[in-house]
Amino acid sequence: MPRKPPSSRKVRSAPGLLLLVGTRKGLFVMKGDAPRRGWQLSGPHFLGHIVHHAVLDPRDRRTLLVAARAGHLGPTLFRSTDFGRTWKEASRPPAFPKAATGEKGLVVQHVFWLTPGHASEPGVWYAGTSPQGLFRSADGGDTWAGVDGFNANPMHATWAGIGQDGPPDGATLHSINIDPRDPSHLYLGMSAGGVFESTDGGATWRPLNKGCAADFLPQPDPEYGHDVHCLRSAPTAPDVLYQQNHCGIYRMDRPGDRWTRIGEKMPKAVGDIGFPMVVHPRDAKTAWVFPMDGSTVWPRTSPGGKPAVYATRNGGATWHRLAQGLPAKDAWWTVKRQAMCADNRDPVGLYFGTTSGEVWASTDEGKRWRPIAEHLPHIYSVEAAPL
Amino acid sequence: MNVAVPSPLRSYTDGKAAVNASGATVAELLADLDRRYPGIRFRMIDEQDAIRQHIRIFVNRERVHGLGAHLAPSDEVIIITAISGG
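Residues numbered from 1 in each chain as written. Chains lettered and ligands numbered in written order. Predicted model: local features only at pLDDT ≥ 70, side-chain atom pairs only at ≥ 80, totals over all residues.

We now examine the overall build of chain A. Secondary structure summary: chain A contains two helices and 28 strands in total. Radius of gyration (C-alpha) of chain A: 19 Å, near the 21 Å computed for a compact globule of 387 residues. Dimensions of chain A, computed from the C-alpha atoms along their principal axes, are close to 60 × 50 × 45 Å. Among the 387 residues that make up chain A, the fraction classed as buried is 52%. At a minimum sequence separation of 6, the contacts of chain A that also span at least 24 residues come to 50%. (Helix = DSSP H or I, 4+ residues; strand = E, 2+ residues; numbered from the N terminus. Rg over C-alpha atoms; globule rule 2.2 N^0.38 Å. Buried ≥ 20, exposed ≤ 12 C-beta atoms within 10 Å, placed from the backbone. Contact = placed C-beta atoms within 7 Å.)

Residue-level contacts link 15 residues of chain A with 15 residues of chain B. For the side of chain A that touches chain B, the class distribution of residues is seven nonpolar, six polar and two charged. (Nonpolar A, V, L, I, M, F, W, Y, C, P; charged D, E, K, R; others polar.)

So, about the sheet that holds strand β22 (residues 309–312) of chain A. Residues and elements named next belong to chain A. Judged by pairing direction, the sheet is antiparallel, and its four strands sit side by side in the order β20-β21-β22-β23 without closing on themselves. Two strands close off the open sheet at either side, each with one partner strand: β20 (274–279) and β23 (320–322). Across this sheet, the average inter-strand angle for adjacent strands is 30°, counted without regard to direction. Relative to β22, strand β21 (residues 287–291) is paired through three bridges, and the arrangement is antiparallel. (Pairing = 2+ DSSP bridges. Axes fitted to C-alpha atoms, helices over the stretch in contact; angles between N-to-C directions.)

The next thing to look at is the pairing of strand β10 (residues 133–137) of chain A. All names here are of chain A. Buried residues dominate β10, accounting for four of its five residues. Note: strand β9 (residues 125–130) against β10, five bridges, orientation antiparallel. Residue pairing across strands places glycine 128 opposite leucine 134, the latter belonging to β10. Linking two consecutive strands that pair antiparallel, namely β9 and β10, is a turn of two residues. In the sheet, β10 pairs with strand β11 (residues 145–146) via two bridges, with the strands oriented antiparallel. Residue pairing for β11: phenylalanine 135 is matched across the bridge by glycine 146.

Attention shifts here to the nonpolar core. Among the nonpolar cores identified, the biggest contains 108 residues, and Leu19(A), Val21(A), Val66(A) and Val382(A) are the most heavily contacted of them. Other than its neighbours up to four places away in sequence, Leu19(A) contacts Met30(A), Gly32(A), Tyr351(A), Val359(A), Val382(A) and Ala384(A). (Core = buried A, V, L, I, M, F, W, Y, C linked by C-beta atoms within 7 Å.)

The predicted model of chain B averages 95 in pLDDT, with 98% of residues at 70 or higher. With a pTM of 0.94, the predicted complex shows an ipTM of 0.94. (pLDDT = per-residue confidence, 0-100.)

Right, let's talk about the environment of Ala90(A) for a bit. Residue and element names in this part refer to chain A. Along the chain, alanine 90 turns up in the loop between β7 (88–89) and β8 (110–116). A C-alpha to C-alpha distance of 7.0 Å links alanine 90 and threonine 76, two positions 14 residues apart in sequence. Contact partners of alanine 90, with chain neighbours within four places excluded, come to Thr76, Leu77, Arg79, Gly141, Asp142, Thr143 and Trp144.

All names here are of chain A. Taken in spatial order, the four strands line up as β24-β25-β26-β27 in an open sheet, and their pairing is antiparallel. The two strands at the open ends of the sheet, each matched to only one other strand, are β24 (340–342) and β27 (370–373). Within this sheet the neighbouring strands show an average axis-to-axis angle of 25°, counted without direction. Direction of pairing for β24 relative to strand β25 (residues 350–353): antiparallel, over a ladder of three bridges. When the bridges of β25 are listed, methionine 340 appears paired with phenylalanine 352.

Here the focus is the environment of Cys341(A). One can find Cys341(A) in strand β24. Sequence-distant contacts of Cys341(A), defined by excluding residues within four places in its chain, comprise Val278(A), Tyr351(A), Val382(A), Glu383(A) and Ala384(A).

Residues and elements named next belong to chain A. Of the consecutive residues serine 130 and proline 131, the connecting peptide bond is found in the cis state with omega at -5°. Within the secondary structure layout, proline 131 lies in the loop between β9 and β10. For the bond from arginine 254 to proline 255, the omega torsion is 10°, close enough to zero to count as cis. In this structure, proline 255 sits in the loop between β18 (248–253) and β19 (260–261). Despite not being glycine, threonine 296 shows a phi value in the positive range, around 40°. Here threonine 296 is to be found in the loop between β21 and β22. Using a count of 6 C-beta atoms within 10 Å as the deciding quantity, one classes threonine 296 as exposed. Despite not being glycine, aspartate 330 has its phi angle at roughly 55°, a positive value. Summarising the element assignment, aspartate 330 is placed in the loop between β23 and β24.

So, in structure tokens, the structure goes:
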């Protein structure tokens, strides 16, 4: 039986918005006014650090967590409980267990993804790392431990392709989704492994990849090994899953367990390859993607140098182009998987950050776009939060 | 003993380029540094107790490759951050 959807969330009438912009050279914070027209940029925080993700805890709306590493130094997490005025480093950042003598242990190269825990579990956070591991904190991100059901699972090395070829910056565990109806129901995505689900708080996991292409593997429909770029469950209908995959855009309606490629309805000249996937905060049939060129040798730029957001309003049956205000040509940037998000206003605001350091915003669900920051470093993540 | 701290790690040492720490081995020295400056060790040494790729530790101008190297109180320890790219 399909689960009962949660009641619709109330639209906040917050006076302003916060955008957390993680870049290759530090964290920038943008404060927007109520109409979302005026934006103030502050930062950089942690100048010179690679910031893969920065997230404000929606439960207390005070705690900021930042996943960072520097070129020379190992990975860590920084925390602030006063909107970034002061910072403290996590006293025990995510780390794999020390291996027994003579055995080779894993080493966290960077923390890639942060997800606040369920509303009923204040202080709980999840983190995804490279190499692909899942970590949990129960104290607001100060100390972290591996989720043994995943990291110590006898299948972990196989699922996560440990020791095998991966992306140039390392395979990443990301897209940790927590069912708002059930804190023990989790989904995650791996850039070399696929989608996995747990219904017991992370004690056990199973692959959830049927129907999803993996055209870089020899098997026609492998159980795992897929390249998930971004996985999102619909906030008000968590049984609806959307996935931007290396091999197209997909949707799955639970309790079904087979992905349907909804990206085939995208224009052929654009294709359905990209990194981010954003779902409307109140309408499970509305989602946005940012296509990139996945043809020939995979340039991973805006197709034809003409960046555009594509939206569906009907769960992927049709897509339409949203490019008003974006460069009409000669713009060869793209948008990474954490670098596009929505706010919870009505109409919804959308935001994305580019590999060339610009932040773009729309206050009308993507119809019109304007730049709100430029000349930043290469952007890895953009997260919106009400002030 | 005197430990030279490179600029990427001086956020831990209140900006100091050189600090005092003690230990009979590099492992003990790093543990003492971490007691004095919490968090500094993990930025240099990974969870498998290996010196991170872009960190170099020299004792009396000789590079050490592991944490078991012995130290004397008069030794000079220099930590250097090596080329890590842009």
